[in-house]
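# Secondary and tertiary structure notes
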Amino acid sequence: MMKETYLGVHVSPLTYEGIISEIRTRMEGNLQSTIIAVNPEKVMTAQKNPEVKSLINGSTFQIADGVGILLASKLKKGAITSRVTGVDMMARLLKFAADEQHPVYLYGAKQEVVQQAAKNIQQQHPAIRIAGTTDGYEQDEEALIQRINDSGAKIIFVALGSPKQELWIRRNMDKLKNVLVFQGVGGSFDVFSGTVKRAPAAFRNTGTEWLYRLASDPKRIKRQMNLPKFLLRILFNRSN
Ligand code: UDP
């Protein structure tokens, strides 16, 4: 599969449709797939933390979540033409699951959040089968694995924040042989439940969602400094 590499971190240049189509083929071949969102913050963390780097590079699909990766691809004449956000990827996978009858499992977030997300998803896709939900504060991992296996889920969304969710996926995917798609979705259940509002369309469509987030939560400035740092490294580092 084609990848682009920024500061040693892989990114898939596929669109939502491209990823869904690859996933369909892989599911037919009974192959497991993992989806991880990549943004400048994670690329910068990967520079210092080899485990994070191997978690990203070891995934099947690294989606270009965030305008920073898109800009880097433009600077390096790569093939990434638009963002593939975690929350929109999840929305596409939910539609795919409803259309092609693959049961889904929602694991993560607070109990009322994951339950409300499941209700809203069921309402939006009456044909979908939600095989089960578990909040992200469950302690007994073995019991949870058993429950997911018994549920018949084929696709699981894991919302524990990063890198906790990716570590959970890597640790458990061998024990979840019948689950074929694993996506780490961060705060997406908070969005599907209506607990957290997404940035208005004007910000989303212009790639300035970060600006909206910064205005609503100025503490994010520290995390967001990764974007200019990342772009400077891309510009001035010859070996990326
Ligand atoms: N969360 C969880 N269990 C934990 C820690 C966090 O379920 O032990 C959930 C939390 O309730 C929230 C999500 O994980 O729904 C984290 O979202 P955040 O936006 O921090 O993730 P990011 O996308 O920034 O990685």
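Quick caveat, the model's predicted, so the values are computed rather than measured.

This brings us to the site of the ligand. In the neighbourhood of the ligand, 14 residues make up the surrounding shell, with Ala109, Gly136, Tyr137, Lys164 and Asp190 lying closest. The backbone of glycine 161 places a nitrogen or oxygen atom 3.5 Å from an oxygen atom of the ligand. The side chain of aspartate 190 places a nitrogen or oxygen atom 2.6 Å from an oxygen atom of the ligand. When isolated, the ligand has an accessible area of 560 Å², and the protein chains bury 66% of it. When the residues that make up the shell around the ligand are grouped by side-chain class, the tally is four nonpolar, six polar and four charged.

Once that is clear, we can look at unusual backbone geometry. Omega for the peptide link from serine 162 to proline 163 comes to 0°, which places this bond in the cis form. Backbone geometry places leucine 7, a non-glycine residue, at a positive phi of 50°. Tracing the backbone through its elements, the reader meets leucine 7 in the loop between β1 (4–6) and β2 (9–11).

We now examine the environment of isoleucine 69. Mapping isoleucine 69 onto the fold places it in helix α4 (residues 67–75). Along the backbone, isoleucine 69 and tyrosine 6 are 63 residues apart, and their C-alpha atoms lie at a distance of 8.3 Å. Beyond its immediate sequence surroundings of up to four residues, isoleucine 69 is in contact with Val11, Val38, Asn39, Pro40, Val43, Ala64, Ile80 and Phe230.

Reading guide: rules and limits
- Sequence order sets the numbering: in each chain, residues are counted from 1 along the sequence as written.
- Per-residue local features are limited, in this predicted model, to residues with pLDDT of at least 70; the limit for side-chain atom pairs, both in listing and counting, is 80 or more; totals at the level of whole chains, interfaces and linings are taken over all residues.
- To obtain the side-chain values, all non-hydrogen atoms of the structure were used and water was disregarded.
- Any residue with at least one heavy atom within 4 Å of a molecule or strand is counted as near it.
- Definition of a polar contact: a pair of N or O atoms within 3.5 Å, with one able to donate and the other able to accept a hydrogen when the atoms are protein atoms, and with sequence-neighbouring residues admitted only if both atoms are side-chain atoms.
- Computed with a 1.4 Å probe, the accessible areas rest on the Shrake-Rupley method; for each residue, only the protein chains presented here act as cover.
- Residue polarity follows a fixed list, in which Ala, Val, Leu, Ile, Met, Phe, Trp, Tyr, Cys and Pro are nonpolar, Asp, Glu, Lys and Arg are charged, and the others, Gly among them, are polar.
- Helix and strand definitions here come from DSSP, where helices need a minimum of 4 consecutive H or I residues and strands a minimum of 2 consecutive E residues; each element is numbered from the N-terminal end.
- Residue contacts follow a heavy-atom distance rule, with two residues in contact if any of their heavy atoms lie within 4.5 Å.

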